[in-house]
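Residue strings, one per chain:
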Amino acid sequence: MKKSILILFSLIITTSFVFAQNAIKGIVKGNNGITLPRATVKVRGTNEKVIADDNGAFTIETKQTPPFYIQVSSIGYKPQDFQILKLQETPIDLVLVEDALLDEIVVTSRRRSEVLQDVPIPITVIGGQAAENSGAFNVNRLKELVPSVQLYASNARNTTLNIRGLGSTFGLTNDGIDPGVGFYVDGVYHARPAATSTDFLDIEQIEVIRGPQGTLFGKNTTAGAFNITTTKPTQTPSAKVEVSVGNYNFIQAKTSVSGGLAKNLAAKISISGTQRDGTIWNTREERRYSGQNNLGFKSQLYYTPSDKLKILLSGDVSIQHPAGYPLVIAGVTTTERSAYRQYARIVSDLGYQQPKIDPFSREINTNTPWRHNQSIGGISLNVDYKIGNGTLTSTTAWRFWNWDPTNDRDFSELAALTKSQGNSRHDQYSQEVRYAGNITDKLSGVIGVFALSQNLKGLDQTEEVGKDQWRFVQTGNTGSQALYSTPGLLDGFGIKTNSTIKSLSTAVFAQVDWEFLTNFHVLPGLRFTYDKKDVDYNRTTYGGLQTTDAALLALKAAVYANQQFVTSTENNNLSGNLTISYRPNINLNIYGTFSTAYKPVGVNVGGLPTTSTGEADLSLAVVKPEYVQHYELGLKTRPIKGALLNVTAFNTDIKDYQTNVQSPQLGVNRGYLSNAEKVNVKGLEIDGTYQLERFLTLNAAVAYLDGKYVKFTNAPLPLEETGHTELVNGVATQVAFKDASGGRLPGISKWNVSGGAEFSVPGNLATRSGRYFVASDASYRSTYSSNPTPSSVLNVQGYGLVNARLGFKSDKVSIFVWSRNIGNRNYYEQLQAAAGNSGLYAGVLGDPRTYGATFRYSF
């Protein structure tokens, strides 16, 4: 009996202990001391939570015994964990810090944390959440938010990423040229433009830096840089889920899980998937193209053994198997060739109907399937170690890119240029070591070394023609040219190319910021760069009619011929910049910059034009480097509370501008690189933002850009002038080039405008406090040239786009509906001539109106 009573007594004591409630009282305040109404207070690791009252006061009951954590969050403030070490009767004050306001945005573009308005560089900052809210889930869509950014892509490989119209060649990509816009993610340089097509994962902030920045970044950045940072793992367990659905069967899902694995060691895993039906219908195949099928994965380990040492190990991979991205026939123009060689006559002679010129019906009838599969990813190790008043950083990385495409390059049902497959494999290894920080109270800076090794292989890259190609290359129906109609002569005739570019780029760079007088800063910088490229190019023909007839073999060789060359080139350069900045107070920053910059020597691996003897013109195998002189004046202001207004004027001169040339020769239908003697781009940029508490946010930006060839005496003929003849020594001679001096550069709109507004009010969704919001953003680009040489037909007309969203957001939950291109505007992103320059041209279409809904939940 006594034993039973003892057991019962023990059970009562145990039960009382298990169900005992500890009460915690507190008041939630902002960092200005004002109480925050309706904040959420939760005991970490449990479902125990309460909502603070209108005076910020709360009482929460918990079964936990100290020590434990409570999580506090409120819209507009950074969520924070507070450790409870002991229970007390008096209420505790819990202070939250506001999210960064407009004038408090911190950037790392100078390799250390600084307030945006204090940095004498034109920078546009876009928060990761803001980018995704606008529908910009990859870099391609950011161009609508930043007027000075131009990004044009017919697929992931053929991507042009420019800032102020400079950076990369416009049009088809040639792998032998380096980009002039640096693209960095967590300090790692991404060499291939295909990186811009991958979906964002855990983006914290995107900094778009305009103008040359070679003294701050490892790789040459003659036009600017994208500096992207992602969120790091946290010891506090957390997770988030996001799902979006929309028309065209669009579905996108993202999830991220983070937490501590051991003391000072945290991990995070993130996954994203995007799928959407295509927007272009192939009537022949009865299938849709221009869709999306993306899968992304990223993992991180973050080790912080002390306040001085931080180690981040990251790995990521993105796999994309979309329905390919075809171009649609946009028009046919008359060239200066004979009537026999006009596109309409050729099509008629082959027995086909004339092509349907209705690009915005979004229909094609190509007879070769389009495919643009790629995988891209890598591993990086970032080590930060505080030494003195600065940080020593080492960033080591390996990245890869696999490209597996198929294109129908005649853009039609004809069996002409039936196949174009630029299969590639790219590996890069990079190492950067730099020290950045304060040397004295008046002197700060950065010094670093950088090395990048690349191995880019073209793997059996294929160009193949079909049974109809003979009529496109035939110049007449008499003499030897009549033999082009020999049955089977060009059927299945093509080339396979294997090429290798091995490149090495090394650099030493440094920049300091010296306050030589009160509020006056001088910022000199220097960079020494060494570049070396080794090329092995081998192209062999296959297929077509097997014959020993010399006349037929000569006709085949005029279409495709074997080509092989090996070349090596190297170059070094010393460049630098000097900036003077005057900051009399926190509301004004005036600066002026002069800088020189350099883009490395280029090489051609897309096939070379031939000489009169039919041999490859090796004088074009190597392309001279670009040399840049840049002047800039800037003004950064805070005119009133909550507002920023920045103005930048600039002038950029480039000697030996590297440009892409489209040759009428079929064997170089990818184009080849050449130099324009000199180009100039000048402009004015104005951007402003205004934030009224949490109720209203406004932003607007305008950029005026004027880009011209100052001197380009050997430019390729535009499409409509193909076949042009001039008198040479009294003889009418067909020419392939012209003087394009004074003509405008491709891809540059004179006027680029963007703006947006968001209005929100506090409210509740069920039991959750948050804000209801309505937001919209709009952009406009005026007409721009879409051809290396100005053309009367290859111009993209100006267009404007409007996007909108409406919904509810809180610290944990967001739900909203959205629409992009809400006016369903028809527009081109790019126009290009078909290979062979017979008069046909095609276009890359912008997306039609899309709409859907997004749900996010964090816990």
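That block above? That's the structure.
Everything numeric here is computed off the predicted structure, so don't read it as measured data. (Residues numbered from 1 in each chain as written. Predicted model: local features only at pLDDT ≥ 70, side-chain atom pairs only at ≥ 80, totals over all residues. Heavy atoms only, no water.)

Another aspect to go through is the environment of Asn455. Tracing the backbone through its elements, the reader meets Asn455 in strand β30 (residues 443-465). What Asn455 contacts, discounting residues up to four positions off in sequence, is Arg425, His426, Asp427, Thr500, Ile501 and Lys502. (Helix = DSSP H or I, 4+ residues; strand = E, 2+ residues; numbered from the N terminus. Contact = heavy atoms within 4.5 Å.)

Here strand β22 (residues 292-303) shows one buried face, formed by Gln292, Asn294, Gly296, Lys298, Gln300 and Tyr302, and one open face, formed by Asn293, Leu295, Phe297, Ser299, Leu301 and Tyr303. The sheet contact formed by strand β19 (residues 265-276) and β22 spans 12 bridges and is antiparallel. Counterpart to Ala266 in the pairing with β22 is Tyr302. Direction of pairing for β22 relative to strand β23 (residues 309-320): antiparallel, over a ladder of 10 bridges. Residue Leu295 lies in a different strand from β23, and its bridge partner there is Ile319. Linking β22 to β23, which pair antiparallel, is a turn of five residues. (Buried < 20%, exposed > 50% of the residue type's maximum accessible area, 1.4 Å probe, protein only. Pairing = 2+ DSSP bridges.)

In this section: the sheet that holds strand β20 (residues 280-282). An order of β21-β20-β25 is seen for the three strands of this open sheet, with the pairing classed as mixed. What marks the edges here is a single partner per strand, and that holds for β21 (287-289) and β25 (363-364). Both β20 and β21 contribute to a ladder of three bridges, which runs antiparallel. Following the sheet pairing, Trp281 is matched in β21 by Arg288.

Moving on: unusual backbone geometry. What you tend to see is this: most non-glycine residues have negative phi, and most peptide bonds are trans. A positive phi angle, near 55°, is found at Arg362, a position not held by glycine. As for its placement among the helices and strands, Arg362 is situated in the loop between α3 (343-349) and β25. In this structure, Asn821 takes a positive phi of about 50° despite not being glycine. Following the sequence through the fold, Asn821 ends up in the loop between β50 (813-820) and β51 (828-833).

Attention now moves to the environment of Gly488. One can find Gly488 in the loop between α4 (469-473) and β31 (494-517). With relative accessibility at 24%, the residue Gly488 sits in the partly exposed group. Spatially, the C-alpha atoms of Gly488 and Pro600 are 45 Å apart, while their sequence positions differ by 112 residues. When residues no more than four places from it in sequence are discounted, the contact partners of Gly488 are Gly544 and Leu545.

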